[in-house]
Amino acid sequence: MNPPTIDLTRLKSLIAELAPAFGPSGEEGPIRELIAARVRPLVDEVRTDALGNLIAVKRGGASGARRVMVSAHMDEIGVIVTHIDDDGFLRFAPVGAMRAPVLLGQRVMFDDGTVGTVGSEKLDDPKDLKLDRLFIDIGAASRKEAAERVRIGSMAVYAQDVRAAGRCLTGKALDDRSGCAALIEVMHQLQAEPSPHDVYFVFSVQEEVGLRGARTAAYAIEPDVAFAVDVTATGDIPKGERLAVKVGGGAAIKIKDRSLITHPRLRRLLIDTAEACGIPYQLEVLPYGGTDAGAVHLTRAGVPSGVISIPTRYLHTPGEMLDPHDVAAAAALLAEALRNPLAVGPD
Ligand code: CO
Ligand code: ZN
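Just so we're clear, the structure is a prediction, and the values are computed from it rather than from any experiment.

> Got a minute to help me understand the packing of aromatic side chains in this structure?
For the coordinates displayed, the defined rule picks out one aromatic pair. Relative to Phe135, the ring of Phe89 has its centre 5.2 Å away and its plane inclined at 70°; by these criteria the two rings are edge-to-face. Taken together, the residues span a long stretch of sequence, with Phe89 in strand β5 (residues 89–95) and Phe135 in strand β8 (residues 134–137) at a distance of 46 residues. The partly exposed category is assigned to Phe89, whose relative accessible area is 27%.

> So what exactly am I meant to see when it comes to the coordination of the cobalt ion (ligand 1) here?
Octahedral six-donor coordination of a metal ideally yields angles of 90 or 180 degrees, compared with 109.5 degrees for tetrahedral four-donor coordination. All of the protein donors around the cobalt ion (ligand 1) are Asp175 (OD), Glu208 (OE), Glu208 (OE) and His316 (NE2); their distances to the metal are 1.8 to 2.6 Å. The coordination sphere of the cobalt ion (ligand 1) comprises four donor atoms, whose angles at the metal cover 55 to 150°; the geometry is irregular. For the cobalt ion (ligand 1), the single-chain donor residues occur in sequence as D-x32-E-x107-H. Residue class for His316 comes out buried when judged on its relative accessible area of 15%.

> Looking at this structure, I do not really get the environment of Arg313. What am I missing?
Take Arg313: it is sitting in the loop between β16 (305–311) and β17 (320–322). Ignoring anything within four residues of it in the chain, the contact list for Arg313 reads Thr234, Asp236, Ile237, Val247, Gly319, Glu320 and Met321. Polar side-chain contacts of Arg313 include one of 3.0 Å to the side chain of Asp236.

> Honestly, the pairing of strand β6 (residues 107–110) in this entry has me stumped. Any pointers?
Two faces belong to every sheet, and in a regular strand the side chains alternate between them. Of the strand pairs in this sheet, β6 and strand β7 (residues 115–120) are connected by three bridges, and their pairing is antiparallel. Each bridged residue has a counterpart across the sheet, and for Val108 the counterpart in β7 is Gly116. Count of turn residues in the β6/β7 antiparallel hairpin: four residues, of which Gly113 carries a positive phi of about 95°. Of the pairings in the sheet, the one linking β6 to strand β9 (residues 155–158) comprises three bridges and is antiparallel in character.

> Can you help me understand helix α6 (residues 212–221) in this one?
Residues lying three or four places apart along an α-helix face the same way, a consequence of the helix completing one turn every 3.6 residues. Taken together, the buried positions of α6 are Gly213, Ala214, Ala217, Ala218 and Ile221. With its buried residues spanning 125° around the axis, α6 presents them on a single face. Looking at the buried residues of α6, the elements they touch are β2 (54–58), β3 (67–73), β12 (198–204) and α8 (292–296).

> What am I meant to see in the packing of helix α1 (residues 8–18) against helix α5 (residues 174–192) here?
Two quantities define a packed helix pair, namely the angle between the helix axes and the distance between the axes. Between α1 and α5, the shortest axis-to-axis distance is 9 Å and the interhelical angle comes to 140°. The angle between the axes of α1 and α5 places the two elements in the oblique class. As α1 packs across α5, the resulting crossing turns out to be right-handed. Where α1 abuts α5, its residues Arg10, Leu11, Leu14, Ile15 and Leu18 lie against Leu174, Arg177, Ser178, Cys180, Ala181, Ala182, Ile184, Glu185 and His188. Of the residues assigned to the contact of α1 with α5, the class counts are nine nonpolar, two polar and three charged.

> Would you take a moment to explain the coordination of the zinc ion (ligand 2) for this structure?
Distances from the zinc ion (ligand 2) to its protein donors, namely His73 (NE2), Asp175 (OD), Asp230 (OD) and Asp230 (OD), fall within the range 1.9 to 2.7 Å. Taken together, the four donor atoms surrounding the zinc ion (ligand 2) define angles of 51 to 149° at the centre, an arrangement classified as irregular. Read in sequence order, the donor residues coordinating the zinc ion (ligand 2) give the pattern H-x101-D-x54-D. Between the zinc ion (ligand 2) and the cobalt ion (ligand 1), a spacing of 3.3 Å is present, and a bridge between the two is formed by Asp175.

Rules of the game
- Residues numbered from 1 in each chain as written.
- Chains lettered and ligands numbered in written order.
- Predicted model: local features only at pLDDT ≥ 70, side-chain atom pairs only at ≥ 80, totals over all residues.
- Heavy atoms only, no water.
- Phe/Tyr/Trp six-rings, centres within 6.5 Å; stacked < 30°, edge-to-face > 60°.
- Helix = DSSP H or I, 4+ residues; strand = E, 2+ residues; numbered from the N terminus.
- Buried < 20%, exposed > 50% of the residue type's maximum accessible area, 1.4 Å probe, protein only.
- Donors = N, O, S within 2.8 Å, 3.2 Å for Na, K, Ca; no water.
- Tetrahedral: all angles 85-135°; square planar, octahedral: opposite > 155°, others 65-115°.
- Contact = heavy atoms within 4.5 Å.
- Polar contact = N/O pair within 3.5 Å; in protein donor to acceptor, adjacent residues only side chain to side chain.
- Pairing = 2+ DSSP bridges.
- Arc of directions from axis to C-beta.
- Axes fitted to C-alpha atoms, helices over the stretch in contact; angles between N-to-C directions.
- Parallel < 35°, antiparallel > 145°, perpendicular 65-115°, else oblique.
- Left-handed = near helix turned anticlockwise from the far one by under 90°.
- Nonpolar A, V, L, I, M, F, W, Y, C, P; charged D, E, K, R; others polar.

Here is the structure:
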């Protein structure tokens, strides 16, 4: 079997369109609208649930069709304003996992287009570089002037476009807009060659603060089987972590992270499918971290779940980097997996 042909140009431009959009956890409106517009022509039904998850349904309608949930989170990490001082500087708390050394000096944006730079108090020791010593400077001269543009609770994200770097792409929120792009590519693939199953594509909210959106989406959908597509850490940089996953090594089939042990049947299905179709893949064990599948597989009486990961360097920085060929491999693998019978029940 040949691997499905992925339109790499379409995939890259989709990533470049989705990643810069505004959508910190809990404030996913702008990215949701963008994704909804892209998926509407490709599926049978699009809806938004109570928490803001975007759910796009593509019905297979075959006899023996399963309900399959496929999840990628559309939210991104960000910061939230906690205090505005007399001189108009903003103090903030993280939304999701944000580190002070990464934030310092970065440009951030609010959803009304207000931009600011993250500055630091004067520190005697670099070890004191902590989030509570940082502030956002939006160029306001006073609290009053700042308050015309932001208020307590306003959220900001990195202001960063996607750029090509060699064969890679670099930008903010590739975690997990690259996964969202992969899901949209799977929809294109299923237009050409359908799945027998009813596939519920979930662009989930609030993953970065604890897999929250996927939890309620899974409860409502009651899937027989679930897959998540998300980024994963790599070990391929100078003196990096001892991880086997590399950028450019193909789709990473997750075996385990801190939230999930992939269901053995789905692990075999993904490996066998990649082998049979000649889709480049690698195996992933991540000693930490989690994805939507962590919440989904514990829903109701349990949902056999698997994860296809996109190897990404510099996670949770404005310079995340991935190889779009790996995103293409992830989309190809998921599309092919969805064309399988997908047995249910215990292993
Ligand atoms: Co993340
Ligand atoms: Zn993620």
